[in-house]
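Coordinate inspection notes
Each chain is listed here by its residues.
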Amino acid sequence: MIGAIRGLMGQKGQQGKVTVILRIHYYAEFGSSLVAVGPHPAFGKNDVDQALKLHFKEGGYWEGSTEISLALAQPNDRLVYKYVVVWPHKKRYEAVQTIRYASLQGLQDGDVLESHDSFRAPDTNVFVTTCFTDAIFGPHGIPKMDSMLGDKSLGNHWRQRGAFPEGVVAVRFVVLVPRLMHGHTVHITGGHDVVGNWNPDLKIHMLNLGQHLYGCVLYFPREEMDFEYKYAVFDEKDELVFRERGTARHMTPPRNPKTNCLNIDETFEYAHPWKGSGIAVPVFSLRSERSMGVGEFLDLQEMVDWCVLTGNKIIQVLPVNDTGDDPSPYSANSVFALHPIYMRILETAIVAYSGGPTGGSLKRSASNVHRFAHLDKPDLSSVPPELVTEIEAAVQTLNQAPEVEYTDVIRTKLLLLHRIYRDTWQETARSADFRNWWSKNMDWLPAYATWKALLDQTGEWNFTKWSKTVKDVPELIEEKSSLYDKICLHYFVQYHLHLQLKRASDYARDRGISIKGDLPIGVARYSADTWTNPKNFLMDWSAGAPAFMGSAQNWDFPLYDWDAMAEDKYSWWRKRLSHMAQYFQAFRIDHVLGFFRIWAIPAHNWTGMLGHLEPCKPVHISELHSCGVHDMDRITKPYIRWWMLEKAFGNEAAEVAKMFMVDAGSGVFHFKPEFSTVAAIGEALPVSSLPPERTEEGKRNQHWRNELWGLVDNVIAIPSEKNPKTEFYLTCHMYHTSSYHHFGPQEAKDRLAGLWHNFFWERQNWRKEGETRLGALQDAAKMMVCAEDLGAVPPEAYEVLDELGILGLRIQRWPKDGSFGDPARYSYLTIATPSCHDCSTVRGWWTEDRGRCEEFYRTFFGSNPPAQCESWVSRKVVEQHLKSSSMWAIFPIQDLMDMEPALRTKDPLKDAINRPGEKDGCWRYRMPHSIRSLIENTEFTKSLEAMIIALGRASTY
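Please read these numbers as outputs of a predicted model, since none were measured by experiment.

What about the side chain of Thr189?
Checked against the element boundaries, Thr189 lands in strand S12 (residues 185-190). We classify Thr189 as buried; its relative accessible area is 3%. Other than its neighbours up to four places away in sequence, Thr189 contacts Val195, Trp198, Asn199, Lys203, Tyr229, Lys230 and Arg243.

And the structure:
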């Protein structure tokens, strides 16, 4: 009988109804419940409030049942659903990036389908991203053992050759295997004849169902359904790699005696959590013998070679979008266009003069990890010799600079690019490869190129002053247009940038290395994006960060109009992420809190102090009345008294008051209407636009500006836009204003302080916004998502990031609580790092803040900290992070080089990439050593590789 059962196959299902029973083991918190939600009406049509409710049973199990009409079966005959834990005011979803379904194929009227499920942890989301599927666990030249395409009936059909005998239960085993090297296969083996009686030669192969699910349908006599089993991984030679960890799983008969179809949905049990390591380095910081004074996209290939040798699995870069003349990578003129500064000019010349990528060096194979084919001497036969000489001279001259000389580099590159364009554009424009690329980028490219051409023509950033609008683009890109040649130049530049970044990305992916990009929170106010898509932005507002102490931040990025974006299902974001996915398998979200709420600042408030959190539940006037506030002008208008003017301006107080104020009597002053905003005062008191001979006037204006701006911001509350008479926002800096210090009796101040605390830290909840917006980003592309979640993060933000499987960031010197973060105690879905681009390196930190670094050393490494951050201290810090419980340990390249005395720079403070609040010297850091020299430093490379292996960050399973 067993032999007959083992090979049973089924027939086409019939119309009718089946009973579906769900059973899952889950210990829910008190006050919560469990539901199953999906597109089928019985599961609420994806509405959690209407979903199938489960009931708690003994032993931590939950059960629910419903009837399903086979005539209303889901597409592909499958019942898709997910489990959700529901509290009165929040929800917790299981991993959202993996699919769960009970197959309906082959079911007949009257069948009872029972599904035993396990709750899928959020970390499984990470492993279904392209970071792992395409790069880390990717093909690497190994052919697939079984196709993800084709007939899946062997893993889905309940009756594969007809009816099965009475007393037999069809069992569909489905296992989620999030970590599987390409070419490896999944099998089931156990203590029953049907599953081979633990004999590896008789194991059951599980079909790849797609989306990391593996399944098979087997048949067991009900009375024999009491045995143990495990899932196992075999390699391409059919040799056992390993079985699941721990005790074996236990098969038991279905609880319902009428059940004839049992679906078992489980997650593979690994011996250890996966951990990896990587490096963080801006592209502009890379140094090679071929780059022209700045790191270039093709330099990433050499960095990939070094990562392969050391065992690192990811390269994290800063944004690479076009920022024009601004060296900050976070001031993008376009979220789609790449920056010309990253172009390798000689490579562009080779490809352009040889007739396109199929005739140039970009066609070279990248199949062998250690051949370094990209370092072969290029074929220059098609490039004019005088141009080669000019390019090589520029490389030699600009590469001598210790830092990036931004202006010189971009000017030189653009001049050379223009010459190559002039010689080769006609042939490039006719090539099939270019035309295909151009057609795929029609959504953004013509408008961006036109915006660039108009900017070059007018010299005016504020496009509201242009005579042309985005509606004129179709006319301006015609050949008869006076801007046509300039527009085509930008097509040419972007095309070659695409070729080079794509080549570097493919090279990395084929070697098991993921490239991690960066998603800035905002776009430049007068950018190609805001010019092209005005409906997506609130141009009268700026984004920033509040100032609970000190000064606020005004980034001068317009706010996103999330309501408008939601109407078209976040299509702009989807296009943006889809575009990024061509080059990156992972990305970092800069200031992820901005997807929950943002500090919204009126565009006229340059200081950023008079903003409010958006969205926001305002304070109602009745709440202010209960605090003793009845005069709304007292708390919403600047608090200005004569003694304050004398203190701020001294002998010039009367002159300032006459120019900017209205005397209300009794020592009270108000701003004149024409000077009631920070912007109006700034325009009346110019500083940077004054000629050198008016330096003293500029100094006076700067002093007056600062003092007057402080008075403008000296308010307790701001009327809301929607209901200015009855609803208000309290100011972030209220405690530090003289308006608050001189407000009413102490009892009233205390009540107002309590209301302020409630307003900022208790009444707001941004879970819904974060879930919706970040969920749209995840759906747009299957990249691994990482979040910069530093600062005053509300608890619901951490919950949402965890539920979506989005990794957080942990920087040791900026802990969530306490003096320092302890890497050994970080949660798994995090990235551990000792520093980042917005702070000094560990060695630089030792120089900046010796006292705190000594405290740090005593906390983790014992007494007697050294006077300097010696190389062995740097090694201790790296080892500590490699040992962390975080999924990833990612290190700035400077911190790794500081482990080797010969690789250290003389001044560690110059190793910082950016110093927030400063402009001079930022975004100029360049590696002091070439990547080739790192590769050739075998002692250092092998030492780092040994650390990564020894500390558990080099294995798949």
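Observations regarding the pairing of strand S11 (residues 168-176)
Every regular strand shows the same layout, with side chains that alternate between the two sheet faces. By the criterion of burial, S11 is predominantly enclosed, with nine of the nine residues buried. Burial along S11 is two-sided: Val168, Ala170, Arg172, Val174 and Leu176 and Val169, Val171, Phe173 and Val175, pointing in opposite directions, are all buried. Pairing of S11 with strand S15 (residues 213-221), which is carried by nine bridges, proceeds in the antiparallel orientation. Residue pairing in the sheet places Ala170 in a bridge with Tyr219 of S15. Looking at chain direction, S11 and strand S19 (residues 261-267) are connected through seven bridges and run parallel. The partner of Phe173 across the bridge, within S19, is Ile264.

Looking at the packing of helix H23 (residues 767-780) against helix H24 (residues 795-804)
Interaxial distance between H23 and H24 falls to 10 Å at its minimum, and their mutual angle equals 30 degrees. Put simply, H23 runs roughly parallel to H24. In the packing of H23 onto H24, the handedness of the crossing is right-handed. The residues of H24 that touch H23, namely those facing Arg767, Gly770, Glu771, Leu774, Gly775 and Gln778, are Glu796, Glu799, Val800, Leu801, Glu803 and Leu804.

Side note on the nonpolar core
Looking at soluble globular proteins, one finds that nonpolar side chains tend to be buried together. Grouped together as the largest cluster of nonpolar side chains are 168 residues, with contacts concentrated most on Trp306, Ile315, Trp573, Leu774 and Met927. Not counting the four nearest positions on each side in its chain, Trp306 is found in contact with Ile279, Asn312, Ile893, Leu896, Ile931, Leu934, Ile935, Phe940, Thr941 and Leu944.

Here we look at the domain arrangement of the protein chain
Split by domain assignment, the protein chain resolves into domain 1 (13-119), domain 2 (129-271), domain 3 (277-361 + 383-520), domain 4 (522-607 + 764-791) and domain 5 (608-753). The distance between the C-alpha centroids of domain 1 and domain 5 comes to 57 Å.

Quick word on the confidence of the model for the protein chain
Here the protein chain averages 92 in pLDDT, and 95% of its residues register 70 or above. Here residues 144-149 is a poorly scored stretch, pLDDT under 50, and it has twelve contacts once near neighbours within four places are set aside; other chains count. Between residues 363-371, whose pLDDT stays under 50, and residues either more than four places distant or in other chains, the model counts 18 contacts.

Some remarks on the sheet that holds strand S35 (residues 830-833)
Judged by pairing direction, the sheet is parallel, and its eight strands sit side by side in the order S33-S25-S22-S21-S20-S36-S35-S34 without closing on themselves. Of all the strands in the sheet, just strand S33 (784-787) and strand S34 (808-811) have a single pairing partner and so form its edges. Ignoring strand direction, the axes of neighbouring strands in this sheet form an average angle of 25 degrees. With four bridges connecting them, strand S22 (residues 514-519) and strand S25 (residues 586-589) associate as parallel partners. Following the sheet pairing, Lys516 is matched in S25 by Ala586.

So, the environment of Asp849
If you trace the backbone, Asp849 turns up in the loop between helix H25 (842-848) and helix H26 (850-861). Remark: the alpha-carbon pair of Asp849 and Gln894, spanning 45 residues in sequence, is separated by 18 Å.

With respect to helix H7 (residues 406-430)
Helix length check: H7, at 25 residues, gives a terminal C-alpha distance of 33 Å against a target of 36 Å (1.5 Å per residue), a fit within 8%. Residue Thr424 marks the point of greatest curvature in H7, where the axis turns by about 65 degrees. For H7, the full list of buried residues reads Tyr406, Val409, Ile410, Lys413, Leu416, Leu417, Ile420, Tyr421, Thr424, Trp425, Thr428 and Ala429. On its buried face, H7 sits against helix H5 (345-353), helix H6 (385-398), helix H8 (432-440) and helix H11 (484-510).

Some details on the packing of aromatic side chains
Applying the stated criterion to the full structure yields 69 aromatic pairs. Measuring from centroid to centroid gives 5.5 Å for Phe43 and Tyr81, while their planes differ by 20 degrees, and the two rings are stacked. Note that Phe43 is positioned in the loop between strand S2 (33-37) and strand S3 (52-53) and Tyr81 in the loop between strand S6 (78-80) and strand S7 (82-86), a separation of 38 residues in sequence. The same class applies to Phe43 and to Tyr81, which are both buried. When the ring of Phe548 is compared with that of Trp756, the centres are 6.0 Å apart and the planes differ by 85 degrees; the resulting orientation is edge-to-face. Placement of Phe548 in the loop between strand S23 (537-545) and strand S24 (553-560) and of Trp756 in helix H22 (residues 746-761) is noted, with a sequence separation of 208 residues between them. On the accessibility criterion, Trp756 (6% relative accessible area) is buried. An aromatic cluster is present here, built from Phe820, Trp845, Trp846, Phe856, Tyr857, Phe860, Phe861 and Trp872 joined pairwise through their rings. Seen from the ring of Trp766, Arg597 lies directly overhead, with NZ or CZ sitting 5.7 Å from the centre. Above the face of the Tyr740 ring, Lys749 is positioned so that its terminal group lies 5.1 Å from the ring centre.

Rules used in this analysis
- Residues numbered from 1 in each chain as written.
- Predicted model: local features only at pLDDT ≥ 70, side-chain atom pairs only at ≥ 80, totals over all residues.
- Heavy atoms only, no water.
- Helix = DSSP H or I, 4+ residues; strand = E, 2+ residues; numbered from the N terminus.
- Buried < 20%, exposed > 50% of the residue type's maximum accessible area, 1.4 Å probe, protein only.
- Contact = heavy atoms within 4.5 Å.
- Pairing = 2+ DSSP bridges.
- Axes fitted to C-alpha atoms, helices over the stretch in contact; angles between N-to-C directions.
- Parallel < 35°, antiparallel > 145°, perpendicular 65-115°, else oblique.
- Left-handed = near helix turned anticlockwise from the far one by under 90°.
- Core = buried A, V, L, I, M, F, W, Y, C linked by side-chain atoms within 4.5 Å.
- Domains from an automatic or database assignment.
- pLDDT = per-residue confidence, 0-100.
- Expected span 1.5 Å × (residues − 1).
- Bend = angle between axes of the 7 residues up to and from the residue.
- Phe/Tyr/Trp six-rings, centres within 6.5 Å; stacked < 30°, edge-to-face > 60°.
- Lys NZ or Arg CZ within 6 Å of the ring centre and 35° of its normal.

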